[in-house]
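So the chains spell out like this:
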Amino acid sequence: MGHTSLQKIIALQRNPANIRNLCILAHVDHGKTTLADCLVASNGIISSRLAGKLRYLDSREDEQIRGITMKSSAISLHCTHGAQEYLLNLIDSPGHVDFSSEVSTAVRLCDGAIVVVDAVEGVCPQTQVVLRQAWLENIRPVLVINKIDRLILELKLSAQEAYTHLQKLLEQVNAVTGSLFTSKVLEDRAEKEEEKERDMASGDYVYDCSDGLEEADDSLLYFSPDQGNVVFASAMDGWGFSIQQFANIYSQKMGIKAAVLLKTLWGDFYLNAKAKKIMKGAQAKGKKPLFVQLVLDNIWSLYDAVVTRRDAEKVEKVVTSLGVKVMARDSRHSDPKVLLAAICSQWLPVSQAVLSMVCEKLPSPLDIAAERVEKLMSVGARRFDSLPKQTQELKRAFLECSSGENSPVIVFVSKMFAVDTKALPQNRQRPLTQEELSQRRELARQRHADRMAADQAATESNKDLNHTGRVPQEDRPAGLSTAKMESLTLKESKQEEEEEQKETFVAFARVYSGVVKKGQRVFVLGPKYDPTQGLRMLPEGCSASDAVCEVPHLSCCTMESIYLLMGRELEELEEVPAGNILGVGGLQECVLKSATLSTSPACPPFTPLNFEATPIVRVAIEPIHPSEMPKLVRGMRLLNQADPCAEVLIQETGEHVLVTAGEVHLQRCLDDLRERFAKIEISASKPIIPFRETVVRPPKVDMVNEELGKQHKVAIIHQVKEEASQSRLSDNLHVDPSGLVTLDTPNRLSTVSVRAIPLPHEVTCLLESSSELIRTLEQVNMSLREGKSLDVSLRTLEAIAGLKTQLESLLQGRKWRNTVEHIWAFGPRRYGPNILLNSVEGYQRPSVWQCLSRGDNVIDAGAQSAQLRDFDNSIISGFQLATLAGPMCEEPLMGVCFSVERWDIQSSGQSQNQDSVEKGSISPEDFAHHKVERRSDTSQAEGTAAGPGHARRRPEANAGDCYGPVSGQLIAAMKEACRHAFQAQPQRLMAAMYTCEIMATAEVLGRMYGVLGKREGRVLHEEMKEGTDMFIIKAVLPVAESFGFADEIRKRTSGLASPQLVFSHWEVTGSDPYWVPTTEEEYLHFGEKADSANQTLKYMNAVRRRKGLYVDEKIVEHGEKQRTLGKNK
Ligand SMILES: Nc1nc2c(ncn2[C@@H]2O[C@H](COP(=O)(O)OP(=O)(O)OP(=O)(O)O)[C@@H](O)[C@H]2O)c(=O)[nH]1
Ligand SMILES: [Mg+2]
């Protein structure tokens, strides 16, 4: 045993064929870090006695305390398999859903993954997610079924039962990969069909009736013990095996070929002892399957002897028969698990089983698939073959993974992590050489002599002072005061040091091609960098060390130091060849979270990481002492850089907002801010819960379930009118009983009529899930409008066409006839889940789907249309503003269709304003870069809306001049019209919902339902997990009610149930916040005030209060005059 030397690892780094880059993925608590411990122990980095208890890769204090991993960390290990030596770059990832972005950063750098599944819990939500992530990144998984000891000791299954259980579990896992595979095959088939259609058009097509599923090769895809990609293990007890090991053992013992055993050890086979043959059909004949007889029975009897019965004699026998050595202190230990671990870790060491599987079954960096390379290189909608030629040539560099002198360096940074500057290898104290030691000794001696001399002098002078009759200031020997002085200066320098002690950022990266050298200069390619542009602007053969002209999204930096990642430690290196995972220092200034580095400007930026988590929990943060604001700002900037998922933004109100994926993540971010990045006391606001505003169809029955007549409608109109009359726009505004709102611009030259219609739920969901696609669609449309052509991949076009067809099929019926063709825009930010519809008679404009029918939709615009077209953008901008912040509590809208039914502009006063159209309108980029400027946009439009009051005072003034540019007026008018149209319908809030899957035993079920009920949660389904006494409950719960939920559940169920909350969807909350009783029955039932609890109103008012908006609440609801009865007599 002993540390693998650094030299050895450096040597192994040069042989990519024997490198494996892999990560460990699983649901939370399935034993990833414990397994990693076993692997780390095999290299002698930690003692094997501590393996499984230390959790070496959980290096943060809070990780150890909470017992969950929060960040992914890497370690390089060495192993020998067969005659070869391998280098494993292993990354342990967190399983908690809040940190799933850390999984994305890990998966990107790997070629393979160990997927760990708890034998009892089976496939859990995060297991599915990580399998999907591995699939999306095209990395190959192998399976470890962990915690098999729980089947023996906790569930007390017999070996036969355990076998059935494991079979089912394997089926479940394979079902997940199977469904991923099928959907991919079907997708490919659709693509092929498209090609065929084109071939058909050219006439050379032979009909093919297969659906592609039969011919697709899926044999490598599934997990199966006989394929060698499954290991059964108990990481805690230190054992694990693949059936290969048992096949080898028994082939010697029984004289059966190992290959035969390998095929039959897992499956419906049994041993016919008489005939000494392996036969099929164990189940039908009621025989023990081979796996039970030869494998599980041995393990079961070992557990029985060591743990259950603690039978010393039998243990002795087993120990001798297995030929393992047990130390006396282990066999005498009071905890039988110690003895068990001692036996098992020699008999079936888990590290050996897992490492052999990894070396054999996972691909090396040389095996990187061409498909994966193309996927990494083609960003967004771009096609790989539309990239410049030099860029396409880089594909070879990837595939060869060559470390030649001339190969371009390509590095991908997937995250930045903070390291205490003092912990960096160059700052670490190294052992002193003999020479230095003697130098120091000499120095110390000198110092001591000086001090002694000074002391002497001081005592003498003191004596002199005493002689002259002055009272000594301190009646202590003067020597002490010198000591004090010294300690003071020490203290000061310590403080200085603390000031200096900073965090240094190290990039977590992988080299895909070339050799990375310390001090090398490289290009940093931002996510929007376009190699075509770069190649055009840069001189040929230009390198990053030359002075570079300004190319957008391209910068240069020096890789100041490079490190080998060794879990808690870093080792400094001089160079790292292709195919390895490494840490790079010195990128702090030019890389925020992730980046692509290259020596060649032809390299495209890699596709962005696939993040599964949506950051949803927002809090506002402030320092306890306001003067420490600059420290907080700096700290938040660092935090933003150090966390792949956290977002930090400054609202224009000055609030510093932190957005995180969940409560646990939030807690970690706050701890980091306090202790590492800002180092000040901070206070965080209550979480800011996001809502969406929407409208619903007018109800058919009233609140007491009576059929509604006209009465209700009258009430709504009444309400709208009332509000409108408060507004200064009232005489420009007209609301008709059907909810159509007509509004004039202040100069009365233009009129818009808008109606708000609720979108069907499915449509909203579709728009929500296709937001990326709609954003692409918008980009394509923009470039078309500007006359540029964008090379869009066939797949993207197909997806857009697919979206259109889906929308068409969902928007059926008279009301929605031809709607899809007439979609004007999506909003907010041009890709949100609301639709602007062009129902203006006779107004023709290019369709949003124009990219599907390139060129052939020339619109025959009449004179009126042409005039309107000039202001088209203003209407869109008004719609964008209206959907960005609704009238209920200024939250974004969702699922609303605004249909513009009339829009006209009178020509006078228009021509002089023509030129202001461009200036006044809000460009799509403004929306794309929204976030911080959001409110300022709104206020700009509101500023224009305030125009009319001001203008009415001077009606005689020139319309064009005093009301400002027509486009601005139109934006404001459109926005107001939308808001009023929205209010003319029954309004609702939509709350963000979490889903959670909770596993609990029957005893705690009742208490758990209690907690769920109290928090407005809803149980979707409940089922018993087969073979266990656990129930799996799936529930939804509003985010607003979720804070402290996990803790409460854990407390109420004594830690037996621990839910994981995952953002799932938006849901309309029950009631109308503006509802007042209108029918007689309702009066009877609710009373005049109808002041029973209205959850929506509570949410709405809370948001309004937070935003400083007017809240219509009475402090005293039922004020009654106090009377002193006595006086009245
Ligand atoms: N019975 C049993 N318990 C195990 C085994 N392996 C791990 N555990 C326990 O399971 C718990 C979680 O183990 P970890 O290794 O921290 O799990 P993890 O997958 O790294 O968890 P996260 O990183 O938080 O997702 C610990 O209490 C371990 O002791 C095993 O083989 N058998
Ligand atoms: Mg862990």
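Caption draft 1: Representation of the overall build of the protein chain in the model. Regarding its fold elements, the protein chain presents 39 helices and 34 strands. Split by element, the accessible area of the protein chain, about 55000 Å² in all, is 51% carbon and sulfur.

Caption draft 2: Up close: the coordination of the magnesium ion (ligand 2). Coordination of the magnesium ion (ligand 2) by the protein is provided by Thr 33 (OG1) and Thr 69 (OG1), with metal-donor distances spanning 1.9 Å. Of the two residues, Thr 33 is situated in helix 2 (residues 32-41) and Thr 69 in the loop between helix 3 (61-66) and strand 2 (73-81); the sequence distance between them amounts to 36 residues. Judged by its relative accessible area of 7%, Thr 33 falls in the buried class. A residue is classified by how much of its surface remains accessible, and Thr 69, at 8% relative accessible area, is buried.

Caption draft 3: How the structure looks around the side chain of Lys 804. Within the secondary structure layout, Lys 804 lies in helix 26 (residues 794-810). Reaching out from Lys 804, the side chain makes a polar contact with the side chain of Glu 821 at a distance of 2.7 Å. Non-local contacts of Lys 804, meaning those with residues more than four positions away in its chain, are made with Val 820, Glu 821, Trp 849 and Leu 852.

Caption draft 4: A look at the sheet that holds strand 27 (residues 750-758). Spatially, the 6 strands line up as an open sheet ordered 25-26-27-30-29-28, and their pairing is mixed. What marks the edges here is a single partner per strand, and that holds for strand 25 (733-735) and strand 28 (823-827). Each strand of the sheet is rotated relative to its neighbour by a mean of 20 degrees, with strand direction disregarded. In terms of strand pairing, strand 26 (residues 741-744) meets strand 27 through 4 bridges, oriented antiparallel. Within strand 27, the position partnered with Asp 744 by the bridge is Thr 751.

Caption draft 5: Representation of the pattern of salt bridges. Applying the stated rule across the entire model yields 38 salt bridges. Among the salt bridges present, the one from Arg 108 reaches Glu 137, with a minimum N-O distance of 3.1 Å. Of the two residues, Arg 108 sits in helix 4 (residues 100-108) while Glu 137 sits in the loop between helix 5 (125-136) and strand 5 (140-146), which places them 29 residues apart along the sequence. Neither Arg 108 nor Glu 137 differs from the other in exposure class; each is buried. Asp 672 is the partner of Arg 668 in a salt bridge, and the nearest nitrogen-oxygen pair spans 3.6 Å.

Caption draft 6: Highlighting helix 8 (residues 243-254). In this model, helix 8 (12 residues) spans 16 Å end to end at C-alpha, consistent with the 16 Å of a helix rising 1.5 Å per residue. The elements touched by buried residues of helix 8 are strand 6 (230-234), strand 7 (239-241), helix 9 (258-264), helix 11 (290-308), helix 14 (336-347) and helix 15 (350-361). Backbone geometry just downstream of helix 8 places Gly 255 in the positive-phi region, at approximately 70 degrees.

Caption draft 7: View of a positive patch on the surface. Together, Lys 422, Lys 502, Arg 634, Arg 637 and Lys 679 line one region of the surface with positive charge. With respect to the helices, strands and loops of the structure, Lys 502 is situated in the loop between helix 19 (478-500) and strand 11 (503-513).

Caption draft 8: Representation of the packing of aromatic side chains within the structure. Summed over the entire model, instances satisfying the criterion amount to 26 aromatic pairs. Their ring planes at 80 degrees and their centres at 5.0 Å tell us that Phe 241 and Phe 246 sit as a pair that is edge-to-face. Each member of the pair, Phe 241 as well as Phe 246, is classed as buried. Relative to Phe 677, the ring of Phe 505 has its centre 6.5 Å away and its plane inclined at 15 degrees; by these criteria the two rings are stacked.

Caption draft 9: Inspection of unusual backbone geometry at higher detail. Cis geometry is found at the peptide bond from Gly 827 to Pro 828, where omega equals -5 degrees. Non-glycine residue Lys 147 carries a positive phi angle of around 60 degrees. When you line up the elements, Lys 147 lands in the loop between strand 5 and helix 6 (148-153). The phi torsion at Arg 310 lies on the positive side, around 50 degrees, for a residue other than glycine. Residue position: Arg 310 is located in the loop between helix 11 and helix 12 (312-322).

Caption draft 10: Spatial organisation of the nonpolar core. Membership of the largest hydrophobic core comes to 149 residues, with the highest contact counts inside it found for Ile 114, Leu 587, Leu 658, Leu 836, Phe 898 and Trp 903. Formed by 56 residues, the second largest nonpolar core is a distinct cluster that contains Trp 300, Ala 305, Val 318 and Cys 344.

Caption draft 11: Seen up close, the site of ligand 1. The environment of ligand 1 is made up of 19 residues, and the closest members are Lys 32, Thr 33, Thr 34, Thr 69 and Asp 149. Gly 95 places a polar main-chain atom, nitrogen or oxygen, 2.9 Å from an oxygen atom of ligand 1. In the model, an oxygen atom of ligand 1 is placed 3.3 Å from a nitrogen or oxygen of the Met 236 main chain. Relative to its unbound accessible area of 650 Å², ligand 1 is 86% covered by the protein chains. Those elements that place two or more of their residues in the shell around ligand 1 are helix 2 and helix 6.

Caption draft 12: Here's a closer look at empty space enclosed by the protein. Scanning the model with the defined rule gives 5 cavities of 30 Å³ or more in all. Here the largest cavity is characterised by a volume of approximately 110 Å³. Lining the largest cavity are 13 residues, with Glu 778, Arg 785, Trp 824, Arg 845 and Val 848 sitting closest to its centre. Looking at the lining of the largest cavity, the elements with two or more residues in it are helix 25 (771-785) and strand 28. Within the lining of the largest cavity, the residues separate by chemical class into 6 nonpolar, 3 polar and 4 charged.

Caption draft 13: Representation of the packing of helix 21 (residues 629-642) against helix 22 (residues 663-677) in the model. One can describe the packing of helix 21 onto helix 22 by two numbers: an axis separation of 10 Å at closest approach and a directional angle of 120 degrees. The angle between helix 21 and helix 22 falls in the class oblique. Pair helix 21 / helix 22 crosses with right-handed handedness. Here helix 21 contributes Arg 634, Gly 635, Met 636, Leu 638, Leu 639 and Ala 642 to the contact with helix 22, which in turn contributes Cys 669, Asp 672, Leu 673 and Phe 677. Looking at the contact of helix 21 with helix 22, its residues break down into 7 nonpolar, 1 polar and 2 charged.

Scoring rules and cut-offs
Residues numbered from 1 in each chain as written. Chains lettered and ligands numbered in written order. Predicted model: local features only at pLDDT ≥ 70, side-chain atom pairs only at ≥ 80, totals over all residues. Heavy atoms only, no water. Helix = DSSP H or I, 4+ residues; strand = E, 2+ residues; numbered from the N terminus. Areas by Shrake-Rupley, 256 points an atom, 1.4 Å probe, with all protein chains shown as cover. Donors = N, O, S within 2.8 Å, 3.2 Å for Na, K, Ca; no water. Buried < 20%, exposed > 50% of the residue type's maximum accessible area, 1.4 Å probe, protein only. Polar contact = N/O pair within 3.5 Å; in protein donor to acceptor, adjacent residues only side chain to side chain. Contact = heavy atoms within 4.5 Å. Pairing = 2+ DSSP bridges. Axes fitted to C-alpha atoms, helices over the stretch in contact; angles between N-to-C directions. Salt bridge = Lys/Arg side-chain N within 4 Å of Asp/Glu carboxyl O. Expected span 1.5 Å × (residues − 1). Patch = residues over 30% accessible without salt bridge, like charges linked within 9 Å, V, L, I, M, F, W, Y side chains within 5 Å. Lys, Arg positive; Asp, Glu negative; His and termini not counted. Charge placed at Lys NZ, Arg CZ, Asp CG, Glu CD. Phe/Tyr/Trp six-rings, centres within 6.5 Å; stacked < 30°, edge-to-face > 60°. Core = buried A, V, L, I, M, F, W, Y, C linked by side-chain atoms within 4.5 Å. Near = heavy atom within 4 Å. 1 Å grid on protein atoms, 1.4 Å probe; cavity = no way out; pocket = protein on both sides within 12 Å on 5 of 7 lines; lining within 4 Å. Points joined across faces, edges and corners; volume = space filled by probe spheres on them. Nonpolar A, V, L, I, M, F, W, Y, C, P; charged D, E, K, R; others polar. Parallel < 35°, antiparallel > 145°, perpendicular 65-115°, else oblique. Left-handed = near helix turned anticlockwise from the far one by under 90°.

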